Amino acid sequence: NGEYVTKTNAPEPTIPVSAYLPAGTRILSLRAVAVTANTATGSGSLPALQGEPWAKSFRGRFEILGGTTPANSHQAMATPSALARLGMGIGDTVTLTQPRTTTLTIVGTMRDLTQSSSYEELFAPSASLDGVPASGDLPDTTYYLPTLALDWRQVEALNHDGITVMSRRVYNDPPAVATDDSSV
């Protein structure tokens, strides 16, 4: 269905996005983070995306090029350009030193179709790069609801609670705009 929500102005304590949605709603999250990795010539900074960008719901935004998808938090995927910069291939391990020290096995290649083919990026499961689960960084995490189509009433209710919502259903069939006849 292509819905996504972003939680902003999170109250203390943080309430998970799932608490605002019907029970059993499938939620996919994506969160960008910068990493520092040991490369073939030293170390370098790379953009990375945590979540499941390889999920079928993201087809058309991301493309799997080869190998397999991560099966655990010690595995990652990379763009071909990132592998070239790292001097690595599928099956090799990359050591990250920031935002925390960890070692990941590169199990596949993929790319973000919104970026150029030369874009360097790593892709890993939620929390595997920085230890912060998607529910622990609500303002910087985008949540996708592939099986739930939100209507205008639901969008308004979520907006009221500080959750920014993009709804394909509402975009394609927006509610009527009330007009003020007194200004005519």
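Residues numbered from 1 in each chain as written. Predicted model: local features only at pLDDT ≥ 70, side-chain atom pairs only at ≥ 80, totals over all residues. Heavy atoms only, no water.

Undergrad: Tell me about the nonpolar core, and name the residues and values.
TA: Counting residues in hydrophobic clusters, the biggest one holds 18 residues, and the most contacted among them are Val35, Leu86, Val94, Leu96, Ile106, Leu122 and Leu129. Where this core is concerned, the elements lending two or more residues are strand 2 (28–39), strand 3 (42–51), strand 5 (75–78), helix 1 (80–86), strand 6 (93–98), strand 7 (102–112) and strand 8 (122–124). Residues within four places of leucine 86 in sequence aside, it is in contact with Ala37, Asn38, Thr39, Ala40, Leu46, Val94 and Leu122. Of all hydrophobic cores here, the second largest spans 13 residues; its members include Leu138, Leu150, Leu158 and Val170. (Core = buried A, V, L, I, M, F, W, Y, C linked by side-chain atoms within 4.5 Å. Buried < 20%, exposed > 50% of the residue type's maximum accessible area, 1.4 Å probe, protein only. Helix = DSSP H or I, 4+ residues; strand = E, 2+ residues; numbered from the N terminus. Contact = heavy atoms within 4.5 Å.)

Undergrad: Outline empty space enclosed by the protein, supporting the account with residue identities and numerical values.
TA: Inspection of every chain in the model, using the stated rule, returns 1 cavity of 30 Å³ or more. Considered as a void within the structure, the largest cavity measures approximately 30 Å³ in volume. Looking at the lining of the largest cavity residue by residue, the classes come out as 1 nonpolar, 3 polar and 2 charged. (1 Å grid on protein atoms, 1.4 Å probe; cavity = no way out; pocket = protein on both sides within 12 Å on 5 of 7 lines; lining within 4 Å. Points joined across faces, edges and corners; volume = space filled by probe spheres on them. Nonpolar A, V, L, I, M, F, W, Y, C, P; charged D, E, K, R; others polar.)

Undergrad: Before we move on, could you go through the pairing of strand 2 and cite the residues and values that matter?
TA: Examined bridge by bridge, strand 2 and strand 9 (residues 142–145) share 3 bridges and lie antiparallel to one another. Within strand 9, the residue paired with leucine 30 across the bridge is threonine 142. Of the pairings in the sheet, the one linking strand 2 to strand 3 comprises 10 bridges and is antiparallel in character. Among the inter-strand pairings, valine 35 is bridged to a residue of strand 3, identified as leucine 46. Two successive antiparallel strands, strand 2 and strand 3, enclose a turn made up of 2 residues. Bridge count for strand 2 against strand 6 is 2 bridges, and the pairing is antiparallel. Counterpart to alanine 37 in the pairing with strand 6 is leucine 96. (Pairing = 2+ DSSP bridges.)

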